[in-house]
Amino acid sequence: MDYIDPHLHMVSRITDDYATLSRMGCVAISEPAFWAGFDRGSADGFRDYFRQLTEVEPKRAAQYGIQHYCWLCINAKEAENVALSREVIRMIPEFLDRSNVLGIGEIGLNKNTRNEATVFLEHLDVAAHYEQLILIHTPHLEDKYQGTRMILDMLQADRRLEPQRVLVDHVEEHTIRAVLDAGYWAGMTLYPVTKCTPERAADMIERYGPERLMANSAGDWGPSKPTAIPDLIFELRRRGHSEDLIRRVVYENPIEFFSQSKNFRLPPRHAADQRLTV
Amino acid sequence: MAPNQVIERHHLEVRARLLELAAVLDRLDRAREQHSECGSEGDERSRSGSDTRESLWQEALKILLAPADGADRAERLQLLFSREYRPQWRGEFGV
């Protein structure tokens, strides 16, 4: 089955992963800007990172018939440095017209601090000003519930932001309802240890239905599995769910959300195949 | 899936996870016994090995054993292990 991974950090993955993803049916990826595993020391470090996301990765993905899209921001872990964050935020508009940029992300909270909230709000302002889609990271473990509620407070207080143009990622059992009830899109991240297993994601699909719900691998440089979405497809089939329902979650929903960006244009499968043979 | 299919599919997995949990609790008991026999120095908390996280484990086990109430055990467990949300946080932060 063709599918889209809406959250995958391919700068941290090897080329073999692109080959495997392509063989498993992945036709498009969206890659949010994130923490590199260390705090970057200057805005120029982010400029190079944004060039990697907008120039290098699309070419690498195209060799395997995969469309590559991305999101730009300074992530919550580096937001404690407010001065650096503001330099990076000022630079983001330079890149918004690049052909694979879908919006601002993954912005959010990490430890739910004042500085993180300040930088999150300034990112929202850029997104609203430039009419960009938003992809949001919610915190880990014991910080997730508090942080998700804080994020929803900030989103709902900004009347310029339309809920259907915001994806709140890494939802779990205790945060999914609040996100969907408020009209936002929700992403379930399939991780081997933390976040959500394919089985628990299937439980949430059964409980809340497929509307405005997506799944992703969030594959990165840590313990993660870039081919986790096929695991979810397998689990849903094992439970006897229809191909229509599965396809909606792993393919049609990402297309519906991403299509709100002028930069998203997924060519039909046969066109991608032809490009591979050139 | 039918209830019997769920049990059939998950029996060995649940058995294995329960065993792992039992083994961790046994390990903790043994550590307490050994620590106590050694008469190590330190405060009472260090000697007993008591920790608020262990209280959370006990609360979590109660949630697992509670009668079904909307099939929301996973959600309740997640909330148990979560920091509190304060609606007035923006005023406190001044943002």
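Residues numbered from 1 in each chain as written. Chains lettered and ligands numbered in written order. Predicted model: local features only at pLDDT ≥ 70, side-chain atom pairs only at ≥ 80, totals over all residues. Heavy atoms only, no water.

## A word on the nonpolar core
Residues and elements named next belong to chain A.
Part 1 of the reasoning: By size, the foremost hydrophobic cluster in this structure holds 92 residues, and its most contacted members are Phe50, Ile136 and Leu155.
Part 2 of the reasoning: Among the elements that make up this core, the one with the highest residue count is helix 4 (residues 114–129) (7 residues).
Part 3 of the reasoning: Excluding anything up to four places from it in sequence, leucine 155 contacts Phe120, Leu124, Ile136, Leu161, Val166, Val168 and Tyr184. (Core = buried A, V, L, I, M, F, W, Y, C linked by side-chain atoms within 4.5 Å. Buried < 20%, exposed > 50% of the residue type's maximum accessible area, 1.4 Å probe, protein only. Helix = DSSP H or I, 4+ residues; strand = E, 2+ residues; numbered from the N terminus. Contact = heavy atoms within 4.5 Å.)

## So, the packing of helix 1 (residues 3–38) of chain B against helix 3 (residues 52–65) of chain B
All names here are of chain B.
Part 1 of the reasoning: Where helix 1 contacts helix 3, the axes come no closer than 13 Å and their chain directions differ by 145 degrees. Considering only the axes of helix 1 and helix 3, their crossing is left-handed. Here Leu21, Val24, Leu25, Leu28 and Arg32 of helix 1 lie close against helix 3, whose contacting residues are Glu54, Trp57 and Leu61.
Part 2 of the reasoning: When the residues that make up the contact of helix 1 with helix 3 are grouped by side-chain class, the tally is 6 nonpolar, no polar and 2 charged. (Axes fitted to C-alpha atoms, helices over the stretch in contact; angles between N-to-C directions. Left-handed = near helix turned anticlockwise from the far one by under 90°. Nonpolar A, V, L, I, M, F, W, Y, C, P; charged D, E, K, R; others polar.)

## Overview of the sheet that holds strand 3 (residues 67–72) of chain A
Residue and element names in this part refer to chain A.
Part 1 of the reasoning: With respect to topology, 8 strands assemble into an open sheet ordered 1-2-3-4-5-6-7-8, the strand pairing being parallel. The sheet is open, and its two borders are formed by strand 1 (3–5) and strand 8 (213–216), each paired with just one other strand. With strand direction ignored, the average angle separating the axes of adjacent strands in the sheet is 25 degrees.
Part 2 of the reasoning: Of the pairings in the sheet, the one linking strand 6 (residues 166–168) to strand 7 (residues 185–189) comprises 2 bridges and is parallel in character. Bridging from a neighbouring strand, leucine 167 pairs with tryptophan 185 of strand 7. (Pairing = 2+ DSSP bridges.)

## A word on the side chain of His7(A)
Residues and elements named next belong to chain A.
Part 1 of the reasoning: Mapped onto the fold, histidine 7 is located in the loop between strand 1 and helix 1 (15–23).
Part 2 of the reasoning: For histidine 7, the side chain forms a polar contact with the side chain of glutamate 106, separated by 3.1 Å.
Part 3 of the reasoning: One polar contact links histidine 7 to aspartate 169, side chain to side chain, over a distance of 2.9 Å. (Polar contact = N/O pair within 3.5 Å; in protein donor to acceptor, adjacent residues only side chain to side chain.)

## Some thoughts on the environment of Asp44(A)
Part 1 of the reasoning: Checked against the element boundaries, Asp44(A) lands in helix 2 (residues 43–62).
Part 2 of the reasoning: A sequence separation of 112 residues divides Asp44(A) from Gln156(A), and the C-alpha atoms of the two residues are 33 Å apart.

## So, the interface of chain A and chain B
Part 1 of the reasoning: Of the residues lining the interface, 27 residues belong to chain A; the matching set on chain B comes to 20 residues.
Part 2 of the reasoning: Of the roughly 2,100 Å² buried between chain A and chain B, counting both surfaces, carbon and sulfur atoms make up 51%.
Part 3 of the reasoning: Three residues stand out in chain A for area buried against chain B, namely Arg114(A), Gln146(A) and His174(A), and they jointly supply 25% of the buried area on that side.
Part 4 of the reasoning: Inspection of the region where chain A meets chain B yields 4 salt bridges.
Part 5 of the reasoning: Between Glu75(B) and Arg177(A) there is a salt bridge, with its nearest N and O atoms 3.2 Å apart.
Part 6 of the reasoning: Across the chain A-chain B interface, the total number found is 12 residue pairs in polar contact (both at pLDDT 80 or more).
Part 7 of the reasoning: When residues of the side of chain A that touches chain B are traced back to their parent elements, those giving at least two are helix 4, helix 5 (144–157), helix 7 (198–208) and helix 8 (228–238) of chain A.
Part 8 of the reasoning: Ranked by residue count, the leading element in the side of chain A that touches chain B is helix 5 of chain A, at 7 residues.
Part 9 of the reasoning: Residue classes in the side of chain A that touches chain B are distributed as 7 nonpolar, 5 polar and 15 charged. (Buried area = accessible area lost by both parts, 1.4 Å probe. Salt bridge = Lys/Arg side-chain N within 4 Å of Asp/Glu carboxyl O.)

## With respect to the side chain of Thr227(A)
Part 1 of the reasoning: On the secondary structure map, Thr227(A) appears in the loop between strand 8 and helix 8.
Part 2 of the reasoning: Beyond its immediate sequence surroundings of up to four residues, Thr227(A) is in contact with Thr20(A), Leu21(A) and Met24(A).

## Examining the packing of aromatic side chains
All names here are of chain A.
Part 1 of the reasoning: For the structure shown, the criterion picks out 12 aromatic pairs over all chains.
Part 2 of the reasoning: Here the aromatic rings of phenylalanine 46 and phenylalanine 50 are separated by 6.3 Å at their centres, their planes lie at 65 degrees, and the arrangement is edge-to-face. You can see phenylalanine 46 and its partner phenylalanine 50 sitting in helix 2, 4 residues apart, about one turn around the helix. Neither phenylalanine 46 nor phenylalanine 50 differs from the other in exposure class; each is buried.
Part 3 of the reasoning: Ring plane angle 75 degrees and centroid distance 5.5 Å describe the contact between phenylalanine 50 and phenylalanine 95, whose orientation is recorded as edge-to-face. Taken together, the residues phenylalanine 50 in helix 2 and phenylalanine 95 in the loop between helix 3 (82–91) and strand 4 (101–108) connect sequence positions 45 residues apart.
Part 4 of the reasoning: Since its relative accessible area comes to 3%, phenylalanine 95 is described here as buried.
Part 5 of the reasoning: One aromatic cluster is present, built from ring pairs that chain together Tyr69, Trp71, Trp185, Phe257, Phe258 and Phe264.
Part 6 of the reasoning: In this structure, arginine 40 packs its charged tip against the face of phenylalanine 46, placed 4.3 Å from the ring centre. (Phe/Tyr/Trp six-rings, centres within 6.5 Å; stacked < 30°, edge-to-face > 60°. Lys NZ or Arg CZ within 6 Å of the ring centre and 35° of its normal.)

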